[in-house]
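In case you want the letters, here they are:
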Amino acid sequence: MAEARDPSADGTAPDGPPFDGVVYQVYPRSFRDTDGDGVGDLAGMRAGLDHLASLGVGAVWSSPFFRSPMADFGYDISDHRDVDPLFGALADVDGLIADAHARGLRVWLDWVANHTSDRHPWFTASRSSREDPHRDWYVWRDPAPDGGPPNNWIRHFAPEPAWTYDDATGQYYLHHFLPEQPDVNWDDPGLREAQLDVLRFWLDRGVDGFRADAIVLIGQDRTYPDDPPGTPPDGRGWFHWHPSTRGHLAAARRVLDERGAVMIGEAFLEDVDAVLAHVGDDALHLAFTFQLLLAPWDAAEWARRIAEVDAAFAARGLWPAWVLSNHDKPRLATRVGSRARARAALCVLLTLRGVPTLYQGDELALEDAEVPTEREVDPGGRDGCRAPMPWTSEPGCGWPDPAWLPLPPDAAALSVAAQEADPASALHLTRRLIALRSSHEVLVRGAQRVLGAADGIPDGVLGFVRELGDARMVTLAEMAGRTATVPAFADGAWVVRIGSDGAAAGEGGTFDGTLPADTAVVLERA
Ligand code: GLC
């Protein structure tokens, strides 16, 4: 056991992590298109499994492909138990699961537990009358005395009320997201059981786990107090997380434990203790930690956040689940200003203690597409990071013209096919990093310590060490945009296992202490 675990913590320390591989997020609309309609599909996901297997990832998490009016591109579900015809049919999911399992890949689906589509039959019934048995499956409240919304909450994606008035029954319903995504009421036993049945339905079909969408919002303060004055409108809804969520997660956990399935939650909270409030033996197995996704590209800031998150998780015998990009935020290469930096960040992500998640295209160091106004489609302004994944170097890169969104910059040169042919590419770098992680237990189970000035780490460089028995590995990343020298690791005893700038970076040789601007190395103590 690598980590010092505090057995007195809160009883949540597991014997080992429930999953110790790398997660790969597929955004089905943009992954791979096989029927030529410009939108990715399940057959495309199946066709892309060999690519995932070649990367060496352990699980594929798919964003929603269920029946949906697509107001939020699938995060507004109108039938949890069917596939939207845009993506295929249920049989395609069965095929996907079988093909993935044949390649040793686990399949995790998105469980959207906080809301449904306003076209879901549950909501249609709920809004039909105050007496309908489904009324309390959603959150209905009387207008404020002035006839306005019941409180001052603002929804995501626009500075507008989180409540919409429904003429038919004279009440408002709550929606943390779009008006087309009414929040469900987890305190209603019928709703709760129905949502757990959604898990059972997919577990019966053979899925191995779930990513729980917006999960921290399912427990709510039923008095719906106003947000304090001065609360910034951007993203304020996440701070409505409430302790009662834990009890709901315990019910979900019992369902998962019966089948040995895993749940990783979207706990979009910067406060680490708030994230941890949702993780444990009676709650989520894992929760994404977004601290690096939200961090500026600054070595001291990354060092601080990594140390803080890791200490908090390790104290409870838990693993963080690091994520640098997803379908909601600008891609890493775009955020941090260059592909070289994105490659350096891959070295960090894939050697940190915990479960790393790659968002499709991270392995190609893709940037966001530039989406002209007339082609914008997402109400949340997230089109750029959802650009189609380029597979070939031919015109269209495997997509019809136009695809549902424009391709990312330099798509042909960055396509899977082009990078496959270039041993120095981000694609090969990602493979080498994951292979290194798989072949070096220290990178999986080793303890972790963030290095500082006392260890010889200069300003502008992020460094951390992993240790397990006699094995020691160090990751160094130059983040200040200037060549750094790190003599502390140039004593001839440190071998460069990976250099972020490609195959030519002296892999296999001893580290000479030079770290060019915007690069990273992974070193092993000889
Ligand atoms: C999560 C998803 C995001 C979606 C929202 C509402 O944040 O990642 O894409 O819009 O939940 O379901």
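Now for a look at the structure at hand. Only a predicted model underlies this, so the values are computations on that prediction, with no experimental measurement involved. (Residues numbered from 1 in each chain as written. Predicted model: local features only at pLDDT ≥ 70, side-chain atom pairs only at ≥ 80, totals over all residues. Heavy atoms only, no water.)

1. Considerations on the pairing of strand β13 (residues 355-359)
Here is the rule: Exposure categories follow from relative accessible area, calculated using a 1.4 Å probe and restricted to protein chains: below 20% of the type maximum is buried, above 50% is exposed, and the middle band is partly exposed. Think of it this way: any DSSP run of H or I at least four residues long counts as a helix, any run of E at least two long counts as a strand, and we number them from the N terminus. Think of it this way: DSSP has to see at least two bridges between two strands before they count as a pair.
Extensive coverage of β13 is indicated by the burial of five of its five residues. The alternating pattern of β13 places V355, T357 and Y359 on one face and P356 and L358 on the opposite face, and all of these are buried. Pairing analysis gives three bridges linking strand β1 (residues 23-26) to β13, with the strands arranged parallel. Among the inter-strand pairings, Q25 is bridged to a residue of β13, identified as Y359. As paired elements, strand β12 (residues 321-323) and β13 share three bridges and run parallel to each other. Its bridge partner being in β13, V323 is matched across the sheet by T357.

2. Some details on the side chain of T357
The cut-off we apply is this: Whether two residues touch is decided by their heavy atoms; if any such pair falls within 4.5 Å, the residues are in contact.
Of note, T357 is situated in strand β13. Classification of T357 by relative accessible area gives buried; the value is 1%. Residues contacting T357, with those up to four places away along its chain left out, are V23, W61, F288, W322, V323 and L349.

3. Concerning unusual backbone geometry
At the junction of D401 and P402, the peptide bond is cis and its omega measures out at 0° in the coordinates. Within the element layout of this structure, P402 appears in the loop between β13 and α12 (411-414). Within the chain, A365 stands out as a residue other than glycine whose phi angle is a positive 55°. Inspection of the secondary structure assignment puts A365 in the loop between β13 and α12. Judged by relative accessible area, which is 5%, A365 ranks as buried.

4. Comments concerning the pattern of salt bridges
Selection criterion: Whenever Lys or Arg places a side-chain nitrogen within 4 Å of a carboxyl oxygen from Asp or Glu, that contact is recorded as a salt bridge.
With the rule as written, the count across this model stands at 38 salt bridges. For the salt bridge of R200 with D197, the shortest nitrogen-to-oxygen distance reads 2.7 Å. A residue pair is termed a helical-turn pair when its members lie 3 or 4 positions apart in one helix, as R200 and D197 do in helix α6 (residues 189-204) at three residues. For R200, a relative accessible area of 22% puts it in the partly exposed group. Residue class for D197 comes out partly exposed when judged on its relative accessible area of 29%. Here D310 makes a salt bridge to R353, at a shortest N to O gap of 2.6 Å. Within this pair, whereas D310 is found in helix α9 (residues 299-314), its partner R353 is found in the loop between α11 (339-349) and β13, the two being separated by 43 residues in sequence. Using a relative accessible area of 6% as the deciding quantity, one classes D310 as buried. Put simply, D72, D328, D378, R382 and R386 are held in one network by salt bridges that share partners.

Shape descriptors only; they carry no functional weight alone.
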